[in-house]
Amino acid sequence: MDLFEAIEKRYSHKEKFLPDAVPLFDLERIAGAGLAAPTGMNSQCVRLIILPDREAVQPLCDVAPTDGMLTAPAAIAVLTDSSKQKAPKGELYNFEIEDYSAAAGNMLLAAVALGYASLWLDSPFFDSEKQKAAIEVLGAPEGYNLRVVLPIGKPDGAGTRREKMGFSERVSYGKF
Ligand SMILES: Cc1cc2nc3c(=O)[nH]c(=O)nc-3n(C[C@H](O)[C@H](O)[C@H](O)COP(=O)(O)O)c2cc1C
């Protein structure tokens with residue numbers, strides 16, 4: 001699928017997924033698209049955990065039982081290393097948010113390009129207890145944050161398309 005077609009087709013699938021398994025090869029291609037995203041000062045602080053089947057998704061679903069997670073046949077959890085990196089001039093920096101966002105965007109498009117639907121699911125993990133529980137379930141070491149989970153699968157139905165503001169309402173030329 002052409003990149004622009006994938007961009008057009010992408011939407012947040014908040015409804016149910018079909019139970020059809022997602023081949024590991026496809027999940028790895030999606031994860032690879034995430035890792036190919038730009039990262040601040042090339043720090044590469046994003047870590048991905050592929051949850052390749054329902055059994056692997058279930059423990060995270062128990063923490064965040066949203067509609068998508070309850071039926072997703074697979075998912076990818078996106079974590080970041082919270083430690084600060086040293087720039088060549090010695091200053092410390094941290095690009096966790098920018099890096100995981102870029103990675104997640106790539107993966108959402110890659111999923112569509114391969115014929116799947118997905119969703120940027122983060123709000124359940126804002127809760128500190130749920131964040132702690134999810135990190136434990138995923139076996140991540142201290143210092144890692146679970147940022148977003150992407151449930152992935154074939155959609156059960158067309159899914160809801162949300163209206164976007166017009167191009168000219170959000171884009172101008174030369175000045176605001
Ligand atoms: C930073 C961010 C956080 C989001 N968190 C959630 C979430 O926790 N749960 C959810 O159902 N959708 C979440 N979404 C999806 C948005 O609701 C969705 O992108 C928005 O409504 C526009 O719809 P569209 O993606 O179908 O174009 C999130 C999207 C982004 C970019």
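Let me sum up the structure you'll find in this document. (Residues numbered from 1 in each chain as written. Predicted model: local features only at pLDDT ≥ 70, side-chain atom pairs only at ≥ 80, totals over all residues.)

Points about the overall build of the chain
When you go through the chain residue by residue, the secondary structure sums to 7 helices and 6 strands. Taken from the N to the C terminus, the helices and strands of the chain come in the order α-α-β-α-α-β-β-β-α-β-α-β-α. Relative to the globule expectation of 16 Å for 176 residues, the C-alpha radius of gyration of the chain, 17 Å, shows essentially globular dimensions. Overall size of the chain, expressed as C-alpha extent along the three principal axes, is 50 × 50 × 30 Å. The buried share among the 176 residues of the chain stands at 31%. Here the contacts in the chain between residues at least 6 apart in sequence split such that 80% fall between residues at least 24 apart. (Helix = DSSP H or I, 4+ residues; strand = E, 2+ residues; numbered from the N terminus. Rg over C-alpha atoms; globule rule 2.2 N^0.38 Å. Buried ≥ 20, exposed ≤ 12 C-beta atoms within 10 Å, placed from the backbone. Contact = placed C-beta atoms within 7 Å.)

Brief notes about helix α5 (residues 96-113)
The end-to-end C-alpha distance of α5, which contains 18 residues, comes to 26 Å, matching closely the 26 Å that a straight helix rising 1.5 Å per residue would cover. Regarding α5, the residues found buried are E96, D99, Y100, A103, A104, M107, L108, A110, A111 and V112. A positive phi of about 95 degrees marks G115, the residue just after α5. (Expected span 1.5 Å × (residues − 1).)

Details of the site of the ligand
Taken together, the neighbourhood of the ligand is formed by Y11, S12, K14, L119, W120, L121, D122, S123 and R162. Among the residues forming the shell around the ligand, the class breakdown is 4 nonpolar, 2 polar and 3 charged. (Near = placed C-beta within 6 Å. Nonpolar A, V, L, I, M, F, W, Y, C, P; charged D, E, K, R; others polar.)

Structural notes on the packing of helix α3 (residues 54-63) against helix α6 (residues 128-138)
Helix packing geometry: the angle between the two helix axes and the distance between the axes. Relative orientation of the contacting elements α3 and α6 amounts to 165 degrees, with a least axis distance of 9 Å. In terms of axis orientation, α3 runs roughly antiparallel to α6. Classified by chirality, the crossing of α6 by α3 is right-handed. In this structure, α3 contributes P59, L60 and V63 to the contact, and α6 contributes K130, A133, A134 and V137. Of the residues in the contact of α3 with α6, the class split is 6 nonpolar, no polar and 1 charged. (Axes fitted to C-alpha atoms, helices over the stretch in contact; angles between N-to-C directions. Parallel < 35°, antiparallel > 145°, perpendicular 65-115°, else oblique. Left-handed = near helix turned anticlockwise from the far one by under 90°.)

A short note on the packing of helix α2 (residues 24-35) against α5
Between α2 and α5, whose axes approach to 7 Å, the crossing angle comes to 145 degrees. Seen from above, α2 lies across α5 with right-handed handedness. Facing α2, whose interface residues are R29, I30, A33, G34 and L35, α5 presents A103, A104, N106, M107, A110 and A111. Here the contact of α2 with α5 is built from residues that sort into 8 nonpolar, 2 polar and 1 charged.

Comments concerning the nonpolar core
In terms of nonpolar packing, the biggest core is built from 43 residues, with L60, A75, I76, V78, L150 and I152 touching the most fellow members. Secondary structure elements with two or more residues in this core: α2, β1 (46-51), α3, β2 (74-81), α5, α6 and β6 (144-153). The dominant element in this core, judged by the number of residues it contributes, is α5, at 8 residues. In contact with I76, not counting residues within four places along its chain, are L27, I30, A31, L48, I50, L51, M107, L150 and I152. (Core = buried A, V, L, I, M, F, W, Y, C linked by C-beta atoms within 7 Å.)

In short, the description is geometric, and any link to function would need to be established separately.
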